[in-house]
Structure formats: structure tokens, C-alpha cells
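# Fold and geometry: a report
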Amino acid sequence: MLSTSMLKEEVDVIVDLVAQKKTEDAKQRLNHLVPEVSSEYGRGAILALNGILNVLENKNAERMSDYEKILRATERIPRLQTIDDMDRGYLQTITKWAKKSRAPVKDSGSVPQG
């Protein structure tokens, strides 16, 4: 059994691997993590990670490419309804992934002066 902080650290590592497009490494870590999870929060995080990996593996990544909409939804849902620990784990994991996966914003305002 993992403590909450250890679980969150492991989820962060897996999210980083997914964002770096290292899906095989992410799947292996996730498979090792699953038997260690007993909390509802952890189960929600596992569901989110499995969903992300399934979409990316099935070559349907464009379905999850609007990171701003994903982030907006994950911010709104807790305000609109009561969520339990499983929902919280799911939403926080999706949020971490969307933030790490979205394209960096181009800084068009800073042009080098020569």
C-alpha cells in the first residue's frame, strides 16, 4: 500500500512519461502501480491514466488535443457538483497531464533588438 504522497509522486512520474511520449515506459510503471493502490483517490488516478494511454495508443490523440477545454472542464466540475475522492483523483490526474502536454505558448512580444 502506498501513502498518498508516494502515490502522487508516482502519478507525476507517469504523467511526465506520457507527456514525453514514452507510453511503453508509462504503461510499465502503471502496471506496477495498480496492485499498490487501495484508495479511492488512487483508483481515480489509475482510471485517468488508463484512459489517457488508451486514447494515445489508439491513435486518437486529437480527441484530447484541446488542452484548454480539458483544463476548463476540470476547473468547473468541482464547482458545479460535489465530487468524491475518486473524482478528485481522476480530475487532478487529467489536469496534470493537460498542463504538461499542451504546447508551449509562443512569446511573440519579445523580439531581440540588434
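Our structure's up above, just so we're on the same page.
This write-up is about the structure you can find in this document. Predicted model, so just to flag it, every value in this text is computed and none were measured.

### What to know about helix α4 (residues 67-80)
Here α4 contains 14 residues, and its C-alpha end-to-end distance of 20 Å stays within 8% of the 20 Å for a straight helix at 1.5 Å per residue. The set of residues buried in α4 consists of Tyr67, Ile70, Leu71 and Thr74. Buried positions in α4, seen along its axis, are confined to an arc of 100° and lie on one side of it. Exposed side of α4, more than 90 degrees from the buried face: Lys69, Arg79 and Leu80 are the residues found there. Where α4 is buried, its residues contact α5 (85-101).

### A few points about the pattern of salt bridges
Applying the stated rule across the entire model yields seven salt bridges. Asp12 is paired through a salt bridge with Lys96; the nearest N and O atoms lie 2.9 Å apart. Of the two residues, Asp12 sits in helix α1 (residues 4-19) while Lys96 sits in helix α5, which places them 84 residues apart along the sequence. A relative accessible area of 28% means that Asp12 is categorised as partly exposed. Glu24 is the salt-bridge partner of Lys27, the closest N and O atoms lying 3.1 Å from each other. Note that Lys27 and Glu24 are positioned in helix α2 (residues 23-33) at a spacing of three residues, about one turn of the helix. Connected via shared salt-bridge partners are Glu24, Lys27 and Glu57.

### Some thoughts on α5
Between its first and last C-alpha atoms α5 spans 24 Å; for 17 residues at 1.5 Å apiece the expected length is 24 Å, and the two agree. Those residues of α5 not exposed but buried are Gly89, Leu91, Thr93, Ile94, Thr95, Trp97, Ala98 and Ser101. Considering only its buried residues, α5 is in contact with α1, α3 (40-57) and α4. Measuring from the backbone nitrogen of Met86 back to the side-chain oxygen at the start of α5 gives 3.2 Å, which picks out Asp84 as the cap.

### A closer look at the nonpolar core
Membership of the largest hydrophobic core comes to 23 residues, with the highest contact counts inside it found for Val11, Ile14, Val18, Leu30, Leu33 and Trp97. At the level of elements, α1, α2, α3, α4 and α5 are the ones that each hand at least two residues to this core. Here the element with the most residues in this core is α3; it accounts for seven residues. Beyond its immediate sequence surroundings of up to four residues, Ile14 is in contact with Ala26, Arg29, Leu30, Leu33 and Leu49.

### Some details on the packing of aromatic side chains
Applying the stated rule across the entire model yields zero aromatic pairs. The side chain of Lys8 reaches across the aromatic face of Tyr41, ending 5.2 Å from its centre.

### Topic: the packing of α1 against α2
With their axes 8 Å apart at the nearest point, α1 and α2 run at an angle of 160° to one another. Judged on the interaxial angle alone, α2 and α1 are roughly antiparallel. For the pair α1 and α2, the sense of crossing is left-handed. Contacts between α1 and α2 involve Leu7, Glu10, Val11, Val13, Ile14, Leu17 and Val18 from the former and Asp25, Ala26, Arg29, Leu30 and Leu33 from the latter. Its residues assigned to classes, the contact of α1 with α2 comprises nine nonpolar, no polar and three charged.

Calculation rules
Residues numbered from 1 in each chain as written. Predicted model: local features only at pLDDT ≥ 70, side-chain atom pairs only at ≥ 80, totals over all residues. Heavy atoms only, no water. Helix = DSSP H or I, 4+ residues; strand = E, 2+ residues; numbered from the N terminus. Expected span 1.5 Å × (residues − 1). Buried < 20%, exposed > 50% of the residue type's maximum accessible area, 1.4 Å probe, protein only. Arc of directions from axis to C-beta. Contact = heavy atoms within 4.5 Å. Salt bridge = Lys/Arg side-chain N within 4 Å of Asp/Glu carboxyl O. Polar contact = N/O pair within 3.5 Å; in protein donor to acceptor, adjacent residues only side chain to side chain. Core = buried A, V, L, I, M, F, W, Y, C linked by side-chain atoms within 4.5 Å. Phe/Tyr/Trp six-rings, centres within 6.5 Å; stacked < 30°, edge-to-face > 60°. Lys NZ or Arg CZ within 6 Å of the ring centre and 35° of its normal. Axes fitted to C-alpha atoms, helices over the stretch in contact; angles between N-to-C directions. Parallel < 35°, antiparallel > 145°, perpendicular 65-115°, else oblique. Left-handed = near helix turned anticlockwise from the far one by under 90°. Nonpolar A, V, L, I, M, F, W, Y, C, P; charged D, E, K, R; others polar.

Remember, this is a structural readout, not a statement about activity or role.
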